[in-house]
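# Reading the structure
Chain residues, written in single-letter form:
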Amino acid sequence: MIAKRPQADFMTSEQKKLQLFFDREKMYPWPWNLADEVLTKDIADIADGKKMSVMLEEYDRGHIFIYCSLEEMNVLAQHLLEKLLQERSFFDATIENVYSGVDDFLKRWKEKTAENIYSASSSSPLDLLEQYVHELKDIRKWGWIPALVDGADEPFLTNACVAALKSDLPGKDEGEINNIFSVLSSPRTFGEVQKSEIEKLKLVIGIGDENFRKFLSSTEDTLEMLDEESQKLILTYVERFVWISYNYAGPALTIPLFKGSLRELTVAKATMELDNILAKQRETFAAQDQFLAQNRLSEKTQYVLEIVRAFIVLKEYRKSVYQQSYIFADKILAEIAKRLGTVLDAVKFLSLEEMRSAFGEKDTYAEKAEQRRRGYMAVIVKNGRSVFLDGEDARERAEALKEKTSQMTVTELIGQVAYPGKVSGTAKIIRTVDDLPKMQMGDILVSSSTNPDLLPAMKKAGAIVTEMGGIICHAAIVARELHIPCVVGTKVALKVIRDGDRLDVDATKGIVHIL
């Protein structure tokens, strides 16, 4: 059976049933429900009133399941894309509103969380948290645009660009178009994740063999064994890329975590990897220049490619901003947890309203937070407001919202080409950093979506296959930068592929066969 991009069978009643959008390990309601609050209210400010009517989040011992009306999401995404294509001013506004004020936002919250959260007033950290949420949402509503238009459910931006290329280049077959698209859509600057990798390699080379060996061999979590210049290089890196390991749940990057990320490196290997990254970038630029010198593209196609390239960079940038701000917010939440007599991981299972109530009933809410962390809960998000539910009531209300599903058996998956190539290999399901040890060189990495903390596994992959995403998703960006065959947006990869399955990945056509 072939798994094509299935369209849901929707109810005709006013409340349409919700489909599973995605799931992920090790997540908390905080800060994820803020993103869904934006989708159900704030996004309407810039989408001509269109928004998601309801989002459902289920948490089962830290595993998150997100449900929504995919039909509704696609209507919202298509509207935003049409607006981008028809109104250059809207594209410019999107870029401006994501980038503008971000430095001031991060600087302001770094200062606020360093000074204001330890005052005696019980309400002060809660007031501070509420102010942070308000400011973050204003940034987040614009940041949703790149994610929605390409790969939230359907890769509309990718499809528009491929269609434009086909129109300009009649006679090219599907494989040729996909290869051209992969080359032309590559930005002429590195994304935030690749910048972190390049700077890491430069750092290893810069501190030299002797200092590098001292650093790795030390059992201490300090830098005292290093000279002053090497200490400065490491501290500067950790501060700049403190967000790289956070991934919505933490922890932030620390010196021990940074040291752990270097275990497979040597100065010689770092030099080779850096040369390889830069050589591949030059190769891509040369291919772009050669193609554009030999082919004439319409203004429409050039504009769509401009959007793609800008959004590839923008999507990673906005995520780095969110993660940095979550680290600052964690300081506020940690203070709230301390005052409630619980821990940071538990307080993230309380809504802001519950946190306020908890100061009058500390024991009740501390126990509630712990039970949610260890067990099951649901969050229903409507019109920018999250309702946190427990126990059987939570399960019953969640089940009433969800569409019934049946088990599927497929042998062929169809997705979007992110980087072309053909590879056969062994499937390895990589959801979190806990899965990294099972990844061997040449394995096929299979995931719902990828994040910066999975980069060590991605560098070993013979090919990458994801359920979610389009040409601007993290997996696609890394695949193009590392020249790894990649198929994204297969929708059902984790539902039908198991660890150890043999796969044929044809990333020239976007097809994955389970052998």
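Treat the numbers as computed from the prediction; the structure is a model and nothing was measured.

With respect to the helices and strands, Gln131 occurs in helix α5 (residues 123–149). A relative accessible area of 31% means that Gln131 is categorised as partly exposed. Every residue in contact with Gln131, bar those within four places of it in the chain, is listed here: Trp109 and Lys112.

A side chain of one charge can pair with a side chain of the opposite charge if their charged atoms are brought near each other. Evaluation of the coordinates by the stated rule reveals 36 salt bridges. Notably, a salt bridge pairs Asp48 with Lys83, separated by 3.3 Å at the nearest N-O pair. Placement of Asp48 in the loop between α1 (29–39) and β3 (55–60) and of Lys83 in helix α2 (residues 70–86) is noted, with a sequence separation of 35 residues between them. Overall, Asp48 belongs to the exposed group, its relative accessible area being 52%. The class of Lys83 is buried, set by a relative accessible area of 13%.

Turning next to the side chain of Asp506. Residue placement: Asp506 occurs in strand β13 (residues 502–506). Here the side chain of Asp506 touches Thr508 through a polar contact of 2.4 Å, side chain to side chain. In this structure, Asp506 is in contact with Gly421, Lys422, Val487 and Ile511, ignoring residues within four places of it in sequence.

Glancing now at the confidence of the model for the chain. Residue-level pLDDT values for the chain average 91, and 95% of them are 70 or greater. This model gives residues 1–13 a pLDDT under 50, and the stretch forms 31 contacts once residues within four places in sequence are excluded.

With that settled, consider the pairing of strand β9 (residues 422–429). Look at any regular strand and the pattern is simple: side chains alternate between the two faces of the sheet. Pairing analysis gives five bridges linking β9 to β13, with the strands arranged antiparallel. What sits directly across from Val423, in β13, is Val505.

A sheet is described by the order of its strands in space; here five strands give the open sequence β2-β4-β3-β5-β6, paired in antiparallel fashion. What marks the edges here is a single partner per strand, and that holds for β2 (19–24) and β6 (385–390). Taking each pair of neighbouring strands and ignoring which way they run, the sheet shows an average axis angle of 20 degrees. Of the strand pairs in this sheet, strand β5 (residues 376–382) and β6 are connected by six bridges, and their pairing is antiparallel. Its bridge partner lying in β6, Ile380 is registered against Val387. Along the sheet, α1 contacts β2, β3, β4 (63–68), β5 and β6; its crossing angle with β3, the most-contacted strand, is approximately 170 degrees. Contacting β2 and β4, α2 runs over the sheet at an angle of about 85 degrees to β2.

This part is about the pairing of strand β10 (residues 444–447). Because side chains alternate across β10, one face comprises the buried residues Ile444 and Val446, and the other comprises Leu445 and Ser447, equally buried. As defined by bridge partners, β9 adjoins β10 across three bridges and the pair is classed as parallel. From the neighbouring strand, Ala427 faces β10, where its bridge partner is Ile444. In this sheet, strand β11 (residues 463–466) lies alongside β10 in parallel orientation, the contact comprising four bridges. Looking across to β11, one finds that Ile444 is bridged to Ala463. For the crossover from β10 across helix α17 (residues 455–460) to β11, the handedness is right-handed.

Quick notes on the rules
Residues numbered from 1 in each chain as written. Predicted model: local features only at pLDDT ≥ 70, side-chain atom pairs only at ≥ 80, totals over all residues. Heavy atoms only, no water. Helix = DSSP H or I, 4+ residues; strand = E, 2+ residues; numbered from the N terminus. Buried < 20%, exposed > 50% of the residue type's maximum accessible area, 1.4 Å probe, protein only. Contact = heavy atoms within 4.5 Å. Salt bridge = Lys/Arg side-chain N within 4 Å of Asp/Glu carboxyl O. Polar contact = N/O pair within 3.5 Å; in protein donor to acceptor, adjacent residues only side chain to side chain. pLDDT = per-residue confidence, 0-100. Pairing = 2+ DSSP bridges. Axes fitted to C-alpha atoms, helices over the stretch in contact; angles between N-to-C directions. Right-handed = clockwise from strand over helix to strand, strands pointing away.

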